[in-house]
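Below are the chains, spelled out letter by letter.
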Amino acid sequence: MHDSASAIWTSLHSGATPVVIVFYGDFGLRRETIAEVLSVAPPAWPAFETRSVDEALARPESLVLLVPDDERAAVEELDGLRDAFRERRLPVVLFLLSDGDGARLLPECLSLPGWIRGGVVDMAADEVDERVERERFLSLAGCSPEEWLTRYRGGGVDASAASMARTYRAMLIERG
């Protein structure tokens, strides 16, 4: 489990940015990274994966997973499209290789870094110690993550922000 999962959750749910950039360490981790993003997105959100910025723009009602073949070209294109994202209901998640051409271009972009407002997640974050997280959860919730999720799935957990955050944390620990 990565601390970055909570950053993904926050970026997706905050509504603060129409584009979330997720960096992954190498091509072998790309599928796993996409799966992690999908695991924290609400199941009610329709998800669509594409390699094309144009296709991403054509789906404002979907969580779009933009996995471009040419990361540099995608970043260049997105840099000039701020207005095209104003009406999005759900974000576009742009996946970039941490040390790839797209990532290296970002600091040179004129507008993209400013309008994504912190919607950047680096999946190369340190691993979290599951044992420590379980102990922390038990001390805060008074039960194991699995017990909490059983109550949640049975409708026994209120919909407060604190309870939803605890539920999310329990899901991350459960996935371990």
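Parameters and conventions
- Per chain, residues are indexed from 1 in the order of the written sequence.
- With the structure being a predicted model, the display of local features is reserved for residues of pLDDT at least 70 and the display and counting of side-chain atom pairs for 80 or more, all residues being used for whole-chain, interface and lining totals.
- Only hydrogens and water are removed before side-chain values are computed, so all heavy atoms of the structure are retained for them.
- Exposure is judged per residue with a 1.4 Å probe applied to protein chains only, and the accessible area is read against the type maximum: over 50% gives exposed, under 20% gives buried, and values in between give partly exposed.
- Each helix is a run of DSSP H or I of at least 4 residues and each strand a run of E of at least 2, with the numbering of both proceeding from the N terminus.
- This arc is built from the directions going out from the helix axis to the C-beta atoms.
- Strand pairing is assigned whenever DSSP detects at least two bridges linking the two strands.
- In the sections that follow, a salt bridge refers to a side-chain nitrogen of Lys or Arg positioned within 4 Å of a carboxyl oxygen of Asp or Glu.
- Lining residues are those with an atom within 4 Å of a point, where the points come from a 1 Å grid over the protein atoms alone and group into cavities, where a 1.4 Å probe fits but cannot get out, or pockets, open sets with protein on both sides within 12 Å along at least five of seven lines.
- Grid points are joined across faces, edges and corners, and a volume is the space filled by probe spheres set on the points.
- Lys, Arg, Asp and Glu make up the charged group, whereas Ala, Val, Leu, Ile, Met, Phe, Trp, Tyr, Cys and Pro make up the nonpolar group; the residues left over, Gly among them, are polar.
- Angular values range over 0 to 180 degrees, each being the angle between N-to-C directions of two axes fitted as lines to C-alpha atoms, with helices fitted over their stretch in contact.
- Any angle that is under 35 degrees is reported as roughly parallel, and any over 145 degrees as roughly antiparallel; angles of 65 to 115 degrees are reported as roughly perpendicular and all others as oblique.
- Here a residue-residue contact requires only that any non-hydrogen atoms of the pair lie within 4.5 Å.
- To define a nonpolar core, start from buried Ala, Val, Leu, Ile, Met, Phe, Trp, Tyr and Cys residues and group those joined through side-chain atoms within 4.5 Å.

Participant: Can you help me understand helix α8 (residues 145-153) in this one?
Facilitator: Since there are 3.6 residues in each turn of an α-helix, residues three or four apart along the chain are aligned in direction. Taken together, the buried positions of α8 are P145, W148 and L149. Burial along α8 is one-sided: seen end-on, the buried residues are contained in an arc of 95 degrees. The first or second residue beyond α8 is G155, which carries a positive phi of 85 degrees.

Participant: Quick question: what am I supposed to make of the pairing of strand β2 (residues 47-50) here?
Facilitator: Here β2 shows a clear split, with F48 and T50 buried on one side and none of A47 and E49 buried on the other. Where β2 lies against strand β3 (residues 63-66), four bridges are found, and the strand directions are parallel. When the sheet's bridge partners are listed, F48 is paired in β3 with V64.

Participant: Before we go on, may I ask you to explain the pairing of strand β1 (residues 19-24) in this structure?
Facilitator: A regular strand places its side chains on the two faces of the sheet in alternate fashion. Judged by how many residues are buried, β1 sits mostly within the fold: six of six residues are covered. Bridge count between β1 and strand β4 (residues 92-97): six bridges; the pairing is parallel. Pairing of V19 across the sheet is with V92, part of β4.

Participant: Explanation requested: the pattern of salt bridges in the structure shown.
Facilitator: Working definition: two side chains of opposite charge can pair if their charged atoms are close together. Inspection of every chain in the model, using the stated rule, returns eight salt bridges. With a shortest N-O distance of 3.5 Å, D69 and R51 are connected by a salt bridge. Of the two residues, D69 is situated in the loop between β3 and α4 (71-79) and R51 in the loop between β2 and α3 (53-57); the sequence distance between them amounts to 18 residues. Classification of D69 as exposed rests on a relative accessible area of 64%. E146 is the salt-bridge partner of R134, the closest N and O atoms lying 2.6 Å from each other. Note that R134 is positioned in helix α7 (residues 130-141) and E146 in helix α8, a separation of twelve residues in sequence.

Participant: Honestly, the environment of A103 in this entry has me stumped. Any pointers?
Facilitator: Locating A103 in the fold gives a position in helix α5 (residues 101-105). C-alpha of A103 to C-alpha of E71: the two residues are 32 residues apart in sequence and 8.0 Å apart in space.

Participant: Help me out: how do you make sense of the layout of surface pockets in this one?
Facilitator: The rolling of a water-molecule-sized probe over the atoms marks out the regions of remaining empty space. In this model, the largest pocket occupies a volume close to 290 Å³. Those elements that provide at least two residues to the lining of the largest pocket are α1 (4-14), α2 (30-40) and α9 (161-175). Counting residues per element, the lining of the largest pocket draws most heavily on α9, which supplies six residues. Residue composition of the lining of the largest pocket, by class: ten nonpolar, three polar and one charged.

Participant: I'm lost on the packing of α7 against α8 in this one. Help?
Facilitator: Axes are the key here: two packed helices are described by the angle between their axes and the distance separating the axes. The geometry of α7 relative to α8 is characterised by a closest axis approach of 9 Å and an angle of 55 degrees between their N-to-C directions. With respect to α8, the axis of α7 lies oblique. Contacts from R134, F137 and A141 in α7 reach P145, E146 and W148 in α8. The residue makeup of the contact of α7 with α8, split by class, is four nonpolar, no polar and two charged.

Participant: Please clarify how the nonpolar core should be interpreted in this entry.
Facilitator: As a rule of thumb, nonpolar side chains are buried together in soluble globular proteins. In terms of nonpolar packing, the biggest core is built from 22 residues, with V19, I21, V75, L94 and L112 touching the most fellow members. Residues in contact with I21, not counting those within four places in the same chain, are L94, L96, L106, L112, I116, G119, V120 and V121. Grouped together as the second largest cluster of nonpolar side chains are 21 residues, I34, V40, A41 and V67 included.

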